[in-house]
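Secondary and tertiary structure notes
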Amino acid sequence: MLNVTALCTEYRGQNGAVVKAAQDVTFHVAEGKFFTLLGPSGCGKTTTLRSIAGLEKPVAGEIVVGDRTVYSCTRGVFLPPNERNFGMVFQSYAIWPHMNVFRNVSFPLEVRRNKPSQAEIRERVMRVLAAVALDHLAEREATKLSGGQQQRLALARALVMEPKLLLLDEPLSNLDAKLREKMRFELKRMQDTFRLTTIYVTHDQSEALALSDEIAVMNEGRIVQMATPRDIYERPRTKFVADFIGTTNFLDGAVLGRDPSAPYWDVRTSVGVLKVKSDHALNVSDEIAVSVRPEDVHLSETAPDDSRYNCLTGIVDQAVFLGEYLDLKVRLGEHEMLARAHPGLRAHAGARIHLRLDPDKCIAVAP
């Protein structure tokens, strides 16, 4: 559906220096899928989205939607935004304050080149307002809507154009935490209902994991990893990705070699030799980092029966009861490890505790 190939977009900063906002960005999004560009501020995700929308003109690459090229540097193609038929929702929503709810949604249809009939406009507007649960507020002034309602209104205005592509630039960031969580479900429901191919920009890892079919993590203008949410979380390739997505423990180490009896690598770390998993080949003496999520640190007050792999002993520094689980900091010599455990664990500060790290959850990442 959407093919972005070797996209590069630059602009000049305040001091006149060239800022390479997007560099060699390449990805494919299948029809009806929800694709997220995720990364910290300044990583190039919004620039990439604006380049797809036609709001920025790249300096290299190609953007193809279906069988239509909307941008090609080599062929000299650049379709203006109004000819691309994409829906876009910004962080600010950009609601027209002098119009009521109905007119906010109908206006894009009324000013388009091939204007539908008034009957068709009304039918399409009311259909999308019903989809976002605003049909009963059609006559209300747009400025008298709540934040969540304004967000849904902005979505309705994009959907009424029946776009080939829906582009969303951090549309939930202005909502409070509870409403943001509710709107995630609403947004995913609407995307599934309309089978919209969607490109979503966010710096919020939870949003990306909850909504996406596929995630591209960006840093310094480049895509550093692209995969399903589960693979991004469970199989990060670099220390940056592992650290940006959720919470993790890092243990720096050196590769000793491959375990001939198991699909693991032996790595010397500050807490001892660990068996770790790697999706790519390693070399002896390679300097790597081992990523272990807190929920994958298994704790017990007695020594585990199976002590073959990655069994350690430490001292509890802190134990914080959070209802559904315990968050702990465990001291292993000079290293402190975060762990998440069932609240039934009766560990307390100063207690001796046994740790077992599943080798399949100890992931070798580039430092």
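Our subject is the structure that appears above.
This is a predicted model, so every value here is computed, not measured. (Residues numbered from 1 in each chain as written. Predicted model: local features only at pLDDT ≥ 70, side-chain atom pairs only at ≥ 80, totals over all residues. Heavy atoms only, no water.)

**Details of the overall build of the protein chain**
Put simply, the rule is: Per the convention used, a helix needs a DSSP run of H or I reaching at least four residues, while a strand needs a run of E reaching at least two, with both numbered from the N terminus. Each residue is placed in one exposure class: buried if its accessible area under a 1.4 Å probe, protein chains only, is under 20% of its type's maximum, exposed if it is over 50%, and partly exposed if it falls in between. Any two residues whose heavy atoms approach within 4.5 Å at even a single point are treated as in contact. Note on areas: Shrake-Rupley with a 1.4 Å probe; residue coverage comes only from the protein chains shown. Lys and Arg are tallied as positive, Asp and Glu as negative. Neither His nor the chain termini are counted. Charged groups are reduced to one reference atom each: NZ for lysine, CZ for arginine, CG for aspartic acid, CD for glutamic acid.
In terms of helices and strands, the protein chain carries eight helices and 21 strands. Structurally, the protein chain occupies a C-alpha span of about 75 × 50 × 40 Å along its principal axes. When burial is assessed residue by residue, the protein chain has 48% of its 367 residues classed as buried. The long-range share in the protein chain, meaning contacts at least 24 apart out of those at least 6 apart in sequence, stands at 63%. Surface accessibility of the protein chain: about 17800 Å² in total, with carbon and sulfur atoms responsible for 48%. The averaged location of the 46 negative side-chain charges in the protein chain is 5 Å from the averaged location of its 46 positive side-chain charges.

**A few points about the side chain of Asp296**
What counts here: Whenever Lys or Arg places a side-chain nitrogen within 4 Å of a carboxyl oxygen from Asp or Glu, that contact is recorded as a salt bridge.
If you trace the backbone, Asp296 turns up in the loop between strand 15 (287-292) and strand 16 (297-300). Comment: no salt bridge for buried Asp296; closest opposite-charge side chain is Lys361, at 4.8 Å. When neighbours within four sequence positions are excluded, Asp296 is seen to be in contact with Arg356, Leu357, Asp358 and Lys361.

**Considerations on the packing of aromatic side chains**
Convention followed: Aromatic contacts are taken between Phe, Tyr and Trp rings whose centres are within 6.5 Å, Trp giving its six-membered ring; a plane angle under 30 degrees counts as stacked, one over 60 as edge-to-face, and the others as tilted. Note on criteria: charge over ring means Lys NZ or Arg CZ within 6 Å of the ring centre, with the direction from the centre no more than 35 degrees off the ring normal.
Evaluation of the coordinates by the stated rule reveals six aromatic pairs. Geometrically, the ring pair formed by Phe34 and Tyr200 is tilted, given 5.4 Å between the ring centres and 45 degrees between the ring planes. One end of the pair, Phe34, is in strand 3 (residues 34-38); the other, Tyr200, is in strand 9 (residues 198-202), with 166 residues separating them in the sequence. As far as burial versus exposure is concerned, Phe34 and Tyr200 are alike and both buried. Lys57 extends its terminal NZ or CZ atom over the ring of Phe78, reaching a point 5.3 Å from the ring centre. The ring of Phe250 carries Lys239 above its face, with NZ or CZ at 5.2 Å from the centroid.

**Section: the sheet that holds strand 15**
Put simply, the rule is: Here, any two strands with at least 2 DSSP bridges between them count as paired. Working convention: axes come from line fits to C-alpha atoms, limited for helices to the stretch in contact. Angles between N-to-C directions cover 0 to 180 degrees.
Strand order in this open sheet of five strands is 14-13-12-15-21, and the pairing throughout is antiparallel. The two strands at the open ends of the sheet, each matched to only one other strand, are strand 14 (272-276) and strand 21 (363-365). Between one strand and the next, the sheet's axes are offset by a mean angle of 45 degrees, whatever the strand orientation. Summarising the sheet, strand 13 (residues 265-269) and strand 14 pair through five bridges and their orientation is antiparallel. Following the sheet pairing, Val267 is matched in strand 14 by Leu274.

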